[in-house]
Amino acid sequence: MPTPTEYDVVVIGSGTGGYVAAIRAAQLGLRTAVVERAPTLGGTCLNVGCIPTKALLEHAHALKVAQAANEWGLTIGQAVAIDMGQVQTRKDKIVKGLTGGIELLFKKNKIEWIKGSGRLAGKGKVEVTDGQAQTLTATKHIIVATGSQPRSVPGVEIDRKRIITSDEAIGLKEIPKSILILGSGAVGVEFASIFRRYGSEVTIVELLPRLVPIEDEAVSTELEKSFRKQGIKVLTGTRVGKARAGAAGVEVEAQLPDGSSTTLAADYLLVATGRGPVTSGLGAEEAGLRLERGYIHVDRTFQTSVPGISAVGDVITFDAPGHPQLAHLSSAEGIALAERIAGQPFRAINYDQVPGCTYCDPEIGSVGLTEKEARERGYDVRVGTFKFGILARARIANEVEGFVKIVSEKKYDEILGVHMIGPRATELVAEATLALRLECTVEELIRTIHAHPTMSEAVGEAAHAAHGAAIHA
Ligand SMILES: Cc1cc2nc3c(=O)[nH]c(=O)nc-3n(C[C@H](O)[C@H](O)[C@H](O)COP(=O)(O)OP(=O)(O)OC[C@H]3O[C@@H](n4cnc5c(N)ncnc54)[C@H](O)[C@@H]3O)c2cc1C
């Protein structure tokens, strides 16, 4: 009989990596405990990441429709405005429902939530402090899924009042008159869309020459065009120096692409320059884990340098840098790892087939190689692009910006990547992800019948376009 503190698997961290790994391990018959120090389960994604930001964006979308009342033939009595109190209440209710839902799933799967901070404490041992202090034994495996947290850049000190991160931005009770956003990755451009729609003066500052720098270049160009049209000020190729916070706002020194210096001022500075690993208090170094720039180094099966300890999610890195920090990826890693621990064959993840979604307006969905990456890998590249604006469904929805772009290669007609910006792109990318997973040819996508009238017709038409045969363009 196991003692009350003895488990097959102990997971540290209950984010989308940790909680999903725990559920899969429990499904496979492993006695599982999760150590979590936050007051709720679900980690970054549910509490301060994907879910609250998407809730804020959905409010922005509702406002967008209401602002176009004339177009829709709606009669709205008063001037359209947004009530931040109601926005926050609704967002918090959604978060509470979902984090509570994980507690229920833990109960259903007989997973124990041990409240406190977990620390690696020797072979198969996890010491819990700050809460239900005790030492847990993991007879089979320890999974580290401690995630990530916001980080800044030199010269910019986060004070969480005027110089804020996404953690504070999601809870703002007032609509800033003006906000500077540092960084144009997914987090930066999503908040740019939120605050601009809510009525703020938004300036987005990016060091690299284009917005959303990891996306296909055509997507960056389209987003910048749309942002400028919406009145978002875009400063690309701009280096930020020192930031000073006062009682009423911030001032930021910046160097523009032509080398000239300027001072940018706003009510708030939102630092969205990426996230760093969380290993504080974990005892990672003492346990002998190999760390790279603070991240836990793992191999492609998520095994760390110490037998019996594996890691998944935002906290990990491989030999090659650039492990994406995505909720669905951390979950997929958690599942693959739990199955390995339970003795099943390891099902490796193909990192060229991980979809990325950015829920700015217009939305971005992408999977696979960009056109540039495909060319760099030596493929004989063939591209097909189709604009949403041509589609009946897009016109009906009054969402006519953007396109779907298919990157394929000529020899086998294989689809290498699909990049889209426009209405429902974050949903449409699912079809593209399956196409890559099944190593589809463009021809197969052409022969796949896309229902009419739907946004998905843009995917079918982009495939036609790759063969030089778009029907509606
Ligand atoms: C604003 C924002 C929006 C985002 N939007 C999206 C999106 O739309 N789609 C998407 O795919 N991704 C999104 N992400 C990224 C996504 O949230 C992360 O990739 C995901 O949460 C990573 O999961 P994880 O399990 O690795 O870590 P985390 O979710 O960070 O969870 C780690 C957990 O471990 C706990 N912990 C840490 N150390 C200890 C310890 N020693 N003891 C006990 N507990 C500990 C923490 O309290 C935390 O609960 C977003 C992120 C942000 C910030």
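The model shown is predicted, which means the values in this text are computed figures rather than measured ones.

**Brief notes about the sheet that holds strand S24 (residues 403-409)**
As summarised here, the arrangement of the five strands in space is S21-S22-S25-S24-S23, forming an open sheet in which the pairing is antiparallel. The two strands at the open ends of the sheet, each matched to only one other strand, are strand S21 (356-358) and strand S23 (381-387). Pairs of neighbouring strands in the sheet enclose a mean axial angle of 10 degrees, with direction left out of account. Here S21 pairs with strand S22 (residues 364-368) via three bridges, running antiparallel.

**Points about the site of the ligand**
Around the ligand, the surrounding shell holds 38 residues, and the nearest of these are Glu36, Thr44, Lys54, Gly118 and Ala327. Taking threonine 16, its side chain carries an N or O atom lying 3.1 Å from an oxygen atom of the ligand. Take lysine 54: an N or O atom from its side chain is 2.7 Å from an oxygen atom of the ligand. Its free accessible area being 1000 Å², the ligand has 94% of it covered by the protein chains.

**What to know about the sheet that holds strand S9 (residues 178-182)**
Across the sheet, which stays open at both edges, the five strands sit in the order S8-S15-S9-S10-S11 with parallel pairing between neighbours. Each edge of the open sheet carries a strand with a single partner, namely strand S8 (163-164) and strand S11 (233-235). Two strands pair when backbone bridges link them, and S9 and strand S15 (residues 268-271) are joined in this way by four bridges, in the parallel orientation. Within S15, the residue paired with isoleucine 181 across the bridge is leucine 270. Each of S9, strand S10 (201-205) and S15 is contacted by helix H7 (residues 186-198), which is oriented at about 165 degrees to S10, the strand it contacts most.

**A few points about the side chain of threonine 358**
One can find threonine 358 in strand S21. On the basis of relative accessibility, which here comes to 4%, the residue threonine 358 falls in the buried class.

**Quick notes on the pattern of salt bridges**
Applying the stated criterion to the full structure yields 25 salt bridges. Here arginine 196 makes a salt bridge to glutamate 201, at a shortest N to O gap of 3.9 Å. With a closest N to O distance of 2.9 Å, glutamate 339 and arginine 347 form a salt bridge. We classify arginine 347 as partly exposed; its relative accessible area is 46%. One salt-bridge network, in which partners are shared between bridges, spans Lys64, Arg197, Asp361 and Glu399.

About the criteria used
Residues numbered from 1 in each chain as written. Predicted model: local features only at pLDDT ≥ 70, side-chain atom pairs only at ≥ 80, totals over all residues. Heavy atoms only, no water. Pairing = 2+ DSSP bridges. Helix = DSSP H or I, 4+ residues; strand = E, 2+ residues; numbered from the N terminus. Axes fitted to C-alpha atoms, helices over the stretch in contact; angles between N-to-C directions. Near = heavy atom within 4 Å. Polar contact = N/O pair within 3.5 Å; in protein donor to acceptor, adjacent residues only side chain to side chain. Areas by Shrake-Rupley, 256 points an atom, 1.4 Å probe, with all protein chains shown as cover. Contact = heavy atoms within 4.5 Å. Buried < 20%, exposed > 50% of the residue type's maximum accessible area, 1.4 Å probe, protein only. Salt bridge = Lys/Arg side-chain N within 4 Å of Asp/Glu carboxyl O.

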